[in-house]
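Overview (structure and organization)
Read off the chains here:
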Amino acid sequence: MTAQGEHATSTTTADVPRRNWAGNVRYAARAFHRPTSVDELRRLVAGSSRIRAVGSGHSFNRFGDTDGDLVTLAGLPPVVDLDRDRGQVTVSGAMRYGDLARHLHTQGYALANLASLPHISVAGAVATATHGSGQTHGNLASAVAGLELVTADGDVLRVDRDADAFAGMVVGLGALGLVTRVTLDVVPTFELRQFVRLDLDREALDEALGSAYSVSVFTDFRSPRLREVWRKQVADQPPPPADWLGTTAADAPRHPVLGMPPENCTPQLGEPGPWHERLPHFKLGFTPSSGDELQSEYHLPRTAAADALAALDDVAHLIAPVLLVSELRTVAADELWLSPNHQRDSFVLHFTWVDDTAAVLPVVAEVEERLAPFAPRPHWGKVFVTDPAELAARYPRYADFAALLRHLDPTGTFRTELLDRYFPR
């Protein structure tokens, strides 16, 4: 099958996604494209009035939807260029983190952190400030040292950390150009062990979150106690003691979503392994999370963890019936303009909802109302209903990004309906 429409290319588009991963968004594009070279991509962009790139589709809203042309960059020649002297790697924007991680590990290198699933593309994750956990680790975008992108006029723009407005371009929501290559900082490879602990008292949450290299806490809002703690610790550190923070050790592998197969998850029970096989919760070759779901997430000041959870107690009876699981994490501060972690260490409240938009959206509104005193910044790729003016007030460089957007895309080539709502022309 080939793309149809005014700007159709000769390349096959049979594997260009028509829906996002969750299935709640059906893309409205008039044509779908899979270019096989940067030159072909440049011609496509220059000849299109509206165009967006789709990565792995792990976004739950319509920031990436367009009524113009939709393009996947997965057909571009793969690139993995390791610069040992600089401690950096340059990769194709469409590359999945799981594939990159495997390659880096064989070369003796690693990324400082990974998201909970390795299936996501590098450019897509960076554009939305997707993250893992660990109070000394920034989100995935904070590791970006350089970008190559095709701009609205079809030119190739290369920028690095020395460039003006670089901090505004990294978390760019796909609105500044189509990112073809990303340069990331790397570190020497390392090993981790993953221990799952059960039934944490909420009073011990702060200590638990800071207790290992990467920590995630899972709860279902059906009890004031927190159901599971997933500790990903450096392999040569001793395991947590038997009575660690009043919890008990899981005696078998767990899945964050009750009823889902633990075989989908990375090894637990303290079995040592390479960083890329422990930092994600899910294995690359398996379905992450539950598959049929919606997601929301809010980044709050790190110091607000206890108060934020207490603020949700009054609506726990609304949350629980439409919730599959909630994950609590931490992310270190950065200077990226649209990063939810901009200039503040963050406590992160993540919600994996049932796949029922009508039932979930009213609860999302209730959650946002209770969290409003903490100036929550929603994850750009998930479901939220925050008022645009309120969201703008929570980002010190919001107006600067809006100006950068007008400068780099004056004709609105990469604009979408949702982008226009949050960044009016």
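Residues numbered from 1 in each chain as written. Predicted model: local features only at pLDDT ≥ 70, side-chain atom pairs only at ≥ 80, totals over all residues. Heavy atoms only, no water.

Points about the overall build of the protein
- Per the secondary structure count, the protein includes 11 helices and 19 strands.
- For the protein, whose C-alpha radius of gyration is 21 Å, the value lies close to the compact-globule estimate of 22 Å for 425 residues.
- For the C-alpha atoms alone, the extent of the protein along its principal axes is close to 65 × 45 × 40 Å.
- Across the 425 residues of the protein, 58% fall into the buried class. (Helix = DSSP H or I, 4+ residues; strand = E, 2+ residues; numbered from the N terminus. Rg over C-alpha atoms; globule rule 2.2 N^0.38 Å. Buried < 20%, exposed > 50% of the residue type's maximum accessible area, 1.4 Å probe, protein only.)

What to know about the nonpolar core
- Of all hydrophobic cores here, the largest spans 106 residues; its most connected members are Trp-353, Trp-380 and Phe-423.
- Looking at which element gives the most residues to this core, the answer is helix α10 (residues 398–408), with 6 residues.
- Membership of the second largest hydrophobic core comes to 11 residues, among which are Val-45, Val-150, Leu-178 and Phe-414. (Core = buried A, V, L, I, M, F, W, Y, C linked by side-chain atoms within 4.5 Å.)

Quick look at the confidence of the model for the protein
- The share of residues in the protein with pLDDT of 70 or more is 96%, and the mean pLDDT across the chain is 94.
- Long-range and interchain partners of residues 1–12, a stretch whose pLDDT sits below 50, account for 31 contacts in this model, where long-range means more than four residues apart. (pLDDT = per-residue confidence, 0-100. Contact = heavy atoms within 4.5 Å.)

Overview of the side chain of Ser-339
- Structurally, Ser-339 can be placed in the loop between β17 (323–331) and β18 (346–353).
- With relative accessibility at 0%, the residue Ser-339 sits in the buried group.
- There is a polar contact of 3.0 Å between the side chain of Ser-339 and the side chain of Asn-139.
- Every residue in contact with Ser-339, bar those within four places of it in the chain, is listed here: Ala-129, Asn-139, Val-171, Asp-334, Arg-377 and Tyr-395. (Polar contact = N/O pair within 3.5 Å; in protein donor to acceptor, adjacent residues only side chain to side chain.)

Describing the pattern of salt bridges
- Evaluation of the coordinates by the stated rule reveals 23 salt bridges.
- Arg-302 is the salt-bridge partner of Asp-206, the closest N and O atoms lying 2.9 Å from each other. Note that Asp-206 is positioned in helix α5 (residues 205–209) and Arg-302 in the loop between β16 (294–301) and α6 (305–312), a separation of 96 residues in sequence.
- With a relative accessible area of 15%, Arg-302 lands in the buried category.
- One connected set of salt bridges, linked through shared partners, spans Asp-39, Arg-42 and Asp-155. (Salt bridge = Lys/Arg side-chain N within 4 Å of Asp/Glu carboxyl O.)

What to know about helix α8 (residues 357–371)
- Over its 15 residues, α8 runs 20 Å from end to end, which matches the ideal 21 Å to within 8%, given 1.5 Å per residue.
- Looking at α8, one finds that the buried residues are Val-360, Val-363, Val-364, Val-367, Glu-368 and Leu-371. On an axial view of α8, the arc spanned by its buried residues comes to 145 degrees, and they lie on one face. Seen from the open side of α8, the exposed residues pointing more than 90 degrees away from its buried face are Ala-358 and Glu-369.
- Residues of α8 that are buried sit in contact with β16, α6, α7 (316–319) and β18. (Expected span 1.5 Å × (residues − 1). Arc of directions from axis to C-beta.)

Comments concerning the environment of Pro-239
- Along the chain, Pro-239 falls in the loop between β13 (226–234) and β14 (248–249).
- Judged by relative accessible area, Pro-239 falls into the partly exposed class, the value being 43%.
- Measuring from C-alpha to C-alpha, the distance between Pro-239 and Gln-194 comes to 9.3 Å, with 45 residues separating the pair along the chain.
- Contact partners of Pro-239, with chain neighbours within four places excluded, come to Arg-193, Phe-195 and Gln-233.

Comments concerning the pairing of strand β4 (residues 80–83)
- Of the strand pairs in this sheet, β4 and strand β5 (residues 88–92) are connected by 4 bridges, and their pairing is antiparallel. Counted as the bridge partner of Asp-81 is Thr-90 from β5.
- Where β4 hands over to β5, the hairpin turn is made up of 4 residues, of which Gly-87 adopts a positive phi near 70 degrees. (Pairing = 2+ DSSP bridges.)

Comments concerning helix α1 (residues 38–46)
- Of all the positions in α1, only Glu-40, Leu-41, Leu-44 and Val-45 are classed as buried. Within α1, the buried residues cover an arc of 135 degrees as seen down the axis, which keeps them to one side. Along α1, the residues that are exposed and aim more than 90 degrees away from the buried face are Arg-43 and Ala-46.
- Where the residues of α1 are buried, they touch β1 (31–33), β2 (51–54), β3 (69–72), β7 (144–150) and β9 (178–185).

Some words on unusual backbone geometry
- At Leu-173, a position not held by glycine, the phi torsion is positive, near 60 degrees.
- Within the fold, Leu-173 resides in the loop between α4 (166–169) and β9.
- Taking the relative accessible area as the measure of exposure, Leu-173 reaches 6% and is therefore buried.

Observations concerning the sheet that holds β1
- Taken in spatial order, the 3 strands of this open sheet run β1-β3-β2, and their pairing is parallel. The open sheet has two edge strands with one neighbour each: β1 and β2. Here the strands of the sheet are splayed against their neighbours by 25 degrees on average, with no regard to which way each runs.
- Across 4 bridges, the pairing between β2 and β3 is parallel. Residue pairing in the sheet places Ile-51 in a bridge with Asp-69 of β3. (Axes fitted to C-alpha atoms, helices over the stretch in contact; angles between N-to-C directions.)

Structural notes on the environment of Phe-351
- Along the chain, Phe-351 turns up in strand β18.
- Residue Phe-351 is classed as buried on the basis of its relative accessible area, which comes to 0%.
- For the pair formed by Phe-351 and Tyr-422, sequence separation is 71 residues and the distance between their alpha carbons is 22 Å.
- Filtering out sequence-adjacent residues up to four positions away, Phe-351 remains in contact with Phe-221, Leu-294, Gln-295, Ser-296, Tyr-298, Leu-312, Ile-319, Leu-323, Val-325, Ser-326 and Val-367.

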